[in-house]
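Read off the chains here:
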Amino acid sequence: MALVPSWSAGAAITDDPTVDAATRATFQKLATAVLTDRTQALVDGKDGDKDRRRTSGFSGKVRLSDAQSREESSALSELRGRKARLARLGEKYSSAKTSVKLNATQVKGRTAKVSVTETTTLTYRKIRGNEPKTTGFQAHHELTFKADRKGNWQLTDIRNTDDGVAVNQIEPPPVVPEPTAVPTTSAPAPSTSAPAPSTTAPAPSTSAPAPSTTATTPNSGNPPAAPRAAITPNPPAAPKNFSASGYDYKAMVDYATKHWNNYNPEYPSFDGAGAGGDCTNFVSQALKAGGWKHVPGYVYDYTKWFGNSEIQSHSFIGVNEFSWFALHSGRVSSLDNVYQMDLGDVLQMDFNRDGAKDHTMIVTYRSPQGVPYLSYHSTNTYNRSVASIIASYPNAYYYAYRT
């Protein structure tokens, strides 16, 4: 619902412009144009024509500011570079569709803050022949509009408010703390001396040092360190024995497919400003659906793993803590290459290569040609290829786990 202030009697419209329904609708249309331009920059062929700027049709009452127009030109250039990197990895999109829902408009003086939800679907071009039909995501943005003395509104900023990164997003992931599991009265009390879960890291860096081989632990001793995985295509085969572990990998995939954008109310969500990210929480839920059993205990103890509507261990919701538990428990083994992953396997990323992992995803499809596709929360995404992720973050560190 839009929030529109009550202006004082006699206030000049040129000084204190109101935002009526028609203006809000134009805000939404401009947001759709901006985000559609970004998506189309990734599309192969005429549908991704770089000269076809949808934002160029806006002028007068609502339009891009000159500075923001330059920002969008830079963004589109960067995304076309990403498209080229993706093509070299053997992937293209044949078409795309972006829609935008306006959630709220808050106006103060001559500034309007507009919250929107973007839903984008991209269709894979059949290059290898066994790609999924589509990939898609939902992302949330806040747009800032400034009004001039004539009451005309200019878009001056667009900010992503999710804890993750969408395929058409150019900003680095935000720096937010990971969620903290809070025990209920029926659960064991946490240790008073243990630290909170690790925090996420800033933007990727091309010059950051290699990660340390040891890590600080909320438990006694050092947790196991995960070796990095290579990102080169066509590695040696590492076939997965789907019956050896006793886990139901189809159930994991079905759960992730059902809940990538339809959150399970039986668990808390850690999306949103200040909440951290929901990525590991989502992956843990999928693994639990496929047969991973709870290991009860203190929430801070990385050798324990449990999660429900009331309480979650740090290993259930924290990126690094999950890795420590999974390796310590023997429920996963490390893979040498990200392209060796198969259904139900897990991929983690360290965006700035500082040794602290930042993001967790689960494989929901693998093509016969050996390309894994991942689904995840923060930003809610389904069937995004590992090639697409590498094209967006070629300098990140990757950690691949066989479940």
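These numbers come from a predicted model, not from an experiment. Residue numbers restart at each chain and count upward from 1, following the sequence in its written direction. Side-chain atom pairs in this predicted model are given and counted only at pLDDT of 80 or more, local residue features only at pLDDT of at least 70, and totals for whole chains, interfaces and linings cover all residues. Note that water and hydrogens are dropped before the side-chain values are worked out from all heavy atoms of the structure.

1. Here's the deal with the side chain of Thr 120
Using the following cut-off: Secondary structure follows DSSP: runs of H or I at least 4 residues long count as helices, runs of E at least 2 residues long count as strands, and numbering of each begins at the N terminus. We call two N or O atoms a polar contact when they sit within 3.5 Å, provided that within protein one can donate a hydrogen and the other can accept it, with sequence-adjacent residues counted only if both atoms are side-chain atoms.
Looking at the element boundaries, Thr 120 is found in strand S3 (residues 111–124). At a separation of 2.8 Å, a polar atom in the side chain of Thr 120 contacts the side chain of Thr 98.

2. Quick look at helix H2 (residues 66–88)
Where we set the bar: To estimate how far a helix should extend, the number of its residues minus one is multiplied by 1.5 Å. Only protein chains enter the accessibility calculation, which uses a 1.4 Å probe; a residue is then buried when its area is under 20% of its type maximum, exposed when over 50%, and partly exposed in between.
Between the first and last C-alpha of H2 there are 34 Å, a value that for 23 residues agrees with the 33 Å anticipated at 1.5 Å per step. Taken together, the buried positions of H2 are occupied by Gln 68, Glu 72, Ala 75, Leu 76, Leu 79, Arg 82 and Leu 86. Looking one or two residues past H2, Gly 90 carries a phi angle of roughly 90 degrees, positive in sign.

3. Brief notes about the pattern of salt bridges
To keep it simple, the criterion reads: One speaks of a salt bridge when a side-chain nitrogen belonging to Lys or Arg is within 4 Å of a carboxyl oxygen belonging to Asp or Glu.
With the rule as written, the count across this model stands at 10 salt bridges. Salt-bridge contacts for Asp 66 lead to Arg 63; the nearest nitrogen and oxygen are separated by 3.9 Å. Residue classification places Asp 66 among the exposed positions, given a relative accessible area of 53%. In this structure, Glu 142 engages Arg 159 in a salt bridge whose closest nitrogen and oxygen atoms are separated by 3.3 Å. Of this pair, Glu 142 sits in strand S4 (residues 134–147) while Arg 159 sits in strand S5 (residues 153–160), placing them 17 residues apart in sequence. In this structure, a network of salt bridges that share partners links the residues Asp 37, Arg 53 and Arg 54.

4. Comments concerning the packing of helix H1 (residues 21–40) against H2
This is how it is decided: Every angle, taken between N-to-C directions, lies between 0 and 180 degrees, and every axis is a line fitted to C-alpha atoms, over only the stretch in contact when it is a helix. Note that the term roughly parallel is reserved for angles under 35 degrees, roughly antiparallel for angles over 145, roughly perpendicular for angles of 65 to 115, and oblique for everything else. Residues count as neighbours in contact if any of their non-hydrogen atoms are within 4.5 Å of one another. Polar here means any residue other than Ala, Val, Leu, Ile, Met, Phe, Trp, Tyr, Cys and Pro, which are nonpolar, and Asp, Glu, Lys and Arg, which are charged; Gly is therefore polar.
With their axes 8 Å apart at the nearest point, H1 and H2 run at an angle of 25 degrees to one another. Classified by the interaxial angle, the pair formed by H1 and H2 is roughly parallel. Across the interface between the two elements, Val 34, Asp 37 and Arg 38 of H1 pack against Glu 72, Ala 75, Leu 76 and Leu 79 of H2. Looking at the contact of H1 with H2 residue by residue, the classes come out as 4 nonpolar, no polar and 3 charged.

5. Section: the nonpolar core
Short version of the rule: Put simply, buried Ala, Val, Leu, Ile, Met, Phe, Trp, Tyr and Cys residues joined by side-chain atoms within 4.5 Å make one nonpolar core.
By size, the foremost hydrophobic cluster in this structure holds 36 residues, and its most contacted members are Val 338, Met 341, Leu 347, Met 349, Leu 374, Val 386 and Tyr 398. Going through the elements one at a time, H2, S3, S4, strand S7 (346–350), strand S8 (359–366), strand S9 (372–376), helix H7 (386–392) and strand S11 (397–402) are the ones with two or more residues in this core. By residue number, the principal contributor to this core is H7, which donates 5 residues. Aside from chain neighbours lying at most four places away, what touches Tyr 398 is Arg 228, Ala 229, Ile 231, Val 338, Leu 347, Gln 348, Met 349, Ile 389, Ile 390 and Tyr 393. The next biggest cluster of nonpolar side chains, apart from the first, holds 28 residues, and it includes Met 252, Trp 260, Phe 270 and Tyr 399.

6. Let's talk about the environment of Asp 254
With respect to the helices and strands, the residue Asp 254 is situated in helix H3 (residues 249–259). Between the C-alpha atoms of Asp 254 and Thr 364, which are 110 residues apart in sequence, the distance is 8.2 Å.

7. As for the environment of Arg 331
Along the chain, Arg 331 falls in the loop between helix H6 (319–329) and strand S6 (333–334). On a C-alpha basis, the gap between Arg 331 and Trp 292 in space is 8.5 Å, while along the polypeptide they are 39 residues apart. Beyond its immediate sequence surroundings of up to four residues, Arg 331 is in contact with Tyr 247, Trp 292, Lys 293, Val 295, Trp 305, Phe 325, Ala 326, Arg 402 and Thr 403.

8. Comments concerning the environment of His 141
Mapped onto the secondary structure, His 141 falls in strand S4. In this structure His 141 comes out as buried when scored by relative accessible area, which is 3%. Linking His 141 and Leu 102, residues 39 residues apart in sequence, is a C-alpha distance of 9.8 Å. Setting aside anything within four residues of it in sequence, one finds His 141 in contact with Leu 35, Val 114, Ser 115, Val 116, Glu 118, Ile 158, Arg 159, Asn 160 and Thr 161. A polar side-chain atom of His 141 sits 2.7 Å from a polar atom in the side chain of Glu 118.

9. Quick look at the packing of aromatic side chains
Rules: The criterion for an aromatic pair is that two Phe, Tyr or Trp rings (for Trp, the six-membered ring) have centres within 6.5 Å, with stacked assigned to planes under 30 degrees apart, edge-to-face to planes over 60 apart and tilted to the rest. In this scheme, the term charge over a ring applies when either NZ of a lysine or CZ of an arginine sits within 6 Å of the ring centre and within 35 degrees of the ring normal.
Scanning the model with the defined rule gives 16 aromatic pairs in all. Their ring planes at 90 degrees and their centres at 5.8 Å tell us that Phe 27 and Trp 153 sit as a pair that is edge-to-face. Of this pair, Phe 27 sits in helix H1 while Trp 153 is found in strand S5, placing the two residues 126 residues apart along the sequence. In this structure Phe 27 comes out as buried when scored by relative accessible area, which is 1%. In this structure Trp 153 comes out as buried when scored by relative accessible area, which is 0%. Pairing Trp 305 with Phe 325 gives two aromatic rings, centres 6.0 Å apart and planes at 10 degrees, and the pair type is stacked. Placement of the pair is Trp 305 in the loop between helix H4 (279–289) and helix H5 (314–317) and Phe 325 in helix H6, with a sequence separation of 20 residues. Take Trp 305 and Phe 325: they sit in the same class, and that class is buried. A network of ring pairs unites the aromatic residues Tyr 247, Tyr 267, Trp 292, Trp 305, Phe 316, Phe 322 and Phe 325 as a single cluster. When the ring centre of Tyr 249 is taken as reference, the NZ or CZ atom of Lys 240 above it lies at 3.7 Å. The aromatic ring of Tyr 399 is capped on one face by Lys 357, whose charged end is 4.6 Å from the ring centroid.

10. Overview of H6
Owing to its 3.6 residues per turn, the α-helix aligns residues three or four sequence positions apart on the same side. Of all 11 residues in H6, 9 are buried; the element is thus mostly enclosed. Of the residues making up H6, those classed as buried are Val 319, Asn 320, Glu 321, Phe 322, Ser 323, Trp 324, Phe 325, Ala 326 and Leu 327. Tucked inside the fold, the buried residues of H6 contact H4, H5, S6, S7, S8 and S11. Two residues or fewer after H6 comes Gly 330, characterised by a positive phi angle close to 80 degrees.

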